[in-house]
Amino acid sequence: ARRVGLSPATLSRLAAVERGLNGRPVSPGDLAGSLGITDPSGRRLIRKLADSGLVIAEGSAQVSRKGRPTRLYRLAINAALDAAGQNEGAESGAR
């Protein structure tokens, strides 16, 4: 959580959202709606997650006739949490 700059509670909520998506990509706006935050906050969160390798860009979708297509992202939170848990177990076993 510290490496990403998010609280453990936020990462836990993101992991729950990811499980609910069943591998489907999500737009920043949809992610924001799932977390109960504003769209700009959802875009900032996606940028932060992308910088940490916790989301993967999956293309875009045109949801309406106007404006730019929305970018879609696949969350990779659970895999990172699993890997972190395995690393912590290995580190404590090496002590």
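Everything below is about the structure shown above.
Quick summary incoming for the structure in this document.

Cut-offs and rules
Residues numbered from 1 in each chain as written. Predicted model: local features only at pLDDT ≥ 70, side-chain atom pairs only at ≥ 80, totals over all residues. Heavy atoms only, no water. Helix = DSSP H or I, 4+ residues; strand = E, 2+ residues; numbered from the N terminus. Expected span 1.5 Å × (residues − 1). Buried < 20%, exposed > 50% of the residue type's maximum accessible area, 1.4 Å probe, protein only. Arc of directions from axis to C-beta. Salt bridge = Lys/Arg side-chain N within 4 Å of Asp/Glu carboxyl O.

Before going further, it helps to examine helix H3 (residues 39-51). The terminal C-alpha atoms of H3, which comprises 13 residues, lie 18 Å apart, in line with the 18 Å expected from a rise of 1.5 Å per residue. Listed as buried for H3 are Gly42, Leu45, Ile46 and Leu49. For H3, the arc enclosing every buried residue in end-on projection is 100 degrees, short of the 170-degree limit, so these residues lie on one face. Opposite its buried face, H3 presents the exposed residues Arg47 and Asp51, each directed more than 90 degrees away. Within two residues after H3, Gly53 carries a phi angle of roughly 75 degrees, on the positive side.

A word on unusual backbone geometry. Even without a glycine there, the phi angle at Asn22 is positive, about 50 degrees. Structurally, Asn22 is set in the loop between helix H1 (8-21) and helix H2 (28-35).

Moving on, we get to H1. Under the 1.5 Å per step criterion, the end-to-end length of H1 is 20 Å for 14 residues, consistent within 8% with the ideal 20 Å. Considered for burial, the residues of H1 that qualify are Leu11, Leu14, Ala15, Val17, Glu18 and Leu21. Each buried residue of H1 lies within a common arc of 160 degrees when the element is viewed along its axis, so the set occupies one face.

Moving on: the pattern of salt bridges. Here the structure, examined in full by the defined rule, presents 1 salt bridge. In this structure, Glu58 and Arg74 form a salt bridge, with 2.9 Å as the shortest nitrogen-oxygen distance. With Glu58 in strand E1 (residues 55-61) and Arg74 in strand E2 (residues 70-75), this pair connects stretches of sequence that are 16 residues apart. Residue classification places Glu58 among the partly exposed positions, given a relative accessible area of 34%. A relative accessible area of 25% means that Arg74 is categorised as partly exposed.

Bear in mind that shape data such as this cannot, by itself, settle questions of function.
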